[in-house]
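Each chain is listed here by its residues.
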Amino acid sequence: MTVELGKYGIWRHASALTPDVAREIEALGFGAVWIGGSPPGDLRLAESLLDATDHIAVATGIVNMWTTPAEEVAPSYHRIEKAHPGRFLLGVGIGHPEAVKEYRSPLQTIVAYLDALDAARVPKDGRVLAALGPKVLKIAAARTAGAHPYLTTPEHTRWARELVGPGVLLAPEQKVVLETDPEKARAIGRPPVDRPYLHLRNYVANLERLGWTDEDFADGGSDALIDALAVHGDAAALAAGLNAHLEAGADHVCAQVLTADNADPLPAMREIAKALGLSPVRR
């Protein structure tokens, strides 16, 4: 693993990331910015975030294999690596089959895509794979630096670590809500969990593997499920929720900060950074 992510990162949808936001996240002491929402293969957003910052790592979470050919993203990877060596991590994955008109075997698609990245000389330690189930986690361990699980719990992280063994990057995403009132917090956390993820079979299958049932997926998700997937509370509680992944075997955890009415998440990020004991960076 040549890209230093640190222990904590921030996951944000591409539409909510700007160079100014990346500078703020870096100044708070987080080690990485994860670009969500299937960013395009030109990776111009990643490049702009790296250009605007000094040392923070930038990762994609994820470039979608169904829609972005490896032959398109590989030159972008090399362009960025040349300009910002050791600071960019290419996260790739198959997304979810419901969004694909022409269905193809997920495992065959993953293997062929990684073969194409190999052919284009995108190094194994410069890429990670979105992975939830055992087969894809094993591919991630064998063919990339490791796995970027999304919409998971520390229980999944513990199981994934046991499956892939030591020396393989595990960098899960964890949703967090800085709100101590449970009802208010669930009102913020439930919509982005329910739509679309509780209606996508790969995510539901993974949650079933962890013991959740149809009752937990009904009506927008049970309180217990929402509380697990979108941890809420004060800053100390959110820090504990993130640290639970590290204690379960993750190397890095990226927080997706959810707010009411899409309010600015930076105030919450500041409180979380303080609770995590991160050292602010002076520019």
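Scoring rules and cut-offs
- Residues numbered from 1 in each chain as written.
- Predicted model: local features only at pLDDT ≥ 70, side-chain atom pairs only at ≥ 80, totals over all residues.
- Heavy atoms only, no water.
- Buried < 20%, exposed > 50% of the residue type's maximum accessible area, 1.4 Å probe, protein only.
- Helix = DSSP H or I, 4+ residues; strand = E, 2+ residues; numbered from the N terminus.
- Arc of directions from axis to C-beta.
- Core = buried A, V, L, I, M, F, W, Y, C linked by side-chain atoms within 4.5 Å.
- Contact = heavy atoms within 4.5 Å.
- Phe/Tyr/Trp six-rings, centres within 6.5 Å; stacked < 30°, edge-to-face > 60°.
- Polar contact = N/O pair within 3.5 Å; in protein donor to acceptor, adjacent residues only side chain to side chain.
- Pairing = 2+ DSSP bridges.

Asker: What exactly am I supposed to notice about helix 12 (residues 266–276) here?
Answerer: Structurally, the α-helix is built with 3.6 residues per turn, so residues lying three or four positions apart point the same way. Where helix 12 is concerned, the buried positions are L266, A268, M269, I272, A273 and L276. The arc that holds the buried residues of helix 12, viewed along the axis, is 150 degrees, so those residues lie on one side. One or two positions beyond helix 12, positive phi appears at G277, with a value near 75 degrees.

Asker: Is there a simple way to think about the nonpolar core in this case?
Answerer: Burial of nonpolar side chains together is a common tendency in soluble globular proteins. Ranked by size, the top nonpolar core spans 62 residues in total, and within it F30, F88, L90 and L117 carry the most contacts. With residues near it in sequence (within four places) discarded, F30 still touches Y8, G9, I10, I25, I56, M269, A273, L276 and L278.

Asker: How do you make sense of the packing of aromatic side chains when you look at a structure like this?
Answerer: Aromatic ring pairs are defined here through the distance separating the ring centres and the angle between the ring planes. Evaluation of the coordinates by the stated rule reveals five aromatic pairs. Ring geometry for W11 versus Y150: centroids 5.2 Å apart, planes at 50 degrees, classification tilted. Of this pair, W11 sits in strand 1 (residues 8–13) while Y150 sits in the loop between strand 7 (146–147) and helix 6 (154–164), placing them 139 residues apart in sequence. Like Y150, W11 is buried. With centroids separated by 6.0 Å and ring planes inclined at 45 degrees, the aromatic side chains of Y77 and F88 adopt a geometry described as tilted.

Asker: Whenever I open this one, the side chain of S222 confuses me. Can you help?
Answerer: Take S222: it is sitting in the loop between helix 9 (214–217) and helix 10 (223–229). Here L225 takes part through its backbone nitrogen, which lies 3.1 Å from a polar atom of the side chain of S222. With near-sequence residues (within four places) excluded, S222 lies in contact with R190, E215 and D216.

Asker: Would you take a moment to explain the pairing of strand 10 (residues 230–233) for this structure?
Answerer: Successive side chains on a regular strand alternate, one facing one side of the sheet and the next facing the other. Here strand 10 shows no split at all, with A230 and H232 on one side and V231 and G233 on the other all buried. Pairing of strand 9 (residues 173–178) with strand 10, which is carried by four bridges, proceeds in the parallel orientation. Across the sheet, residue V177 finds its bridge partner in strand 10, namely H232.

Asker: Would you take a moment to explain unusual backbone geometry for this structure?
Answerer: Negative phi characterises most residues that are not glycine, and trans characterises most peptide bonds. With an omega dihedral of 15 degrees, the bond running from G61 to I62 counts as a cis peptide bond. Here I62 lies in the loop between strand 3 (57–61) and strand 4 (63–64). The omega torsion of the bond from R195 to P196 falls at 10 degrees, within 30 degrees of zero and hence cis. You can see P196 is positioned in the loop between helix 7 (182–194) and helix 8 (201–209). A positive phi angle, near 65 degrees, is found at R121, a position not held by glycine.

Note that all results are geometric; they support no functional claim without further evidence.
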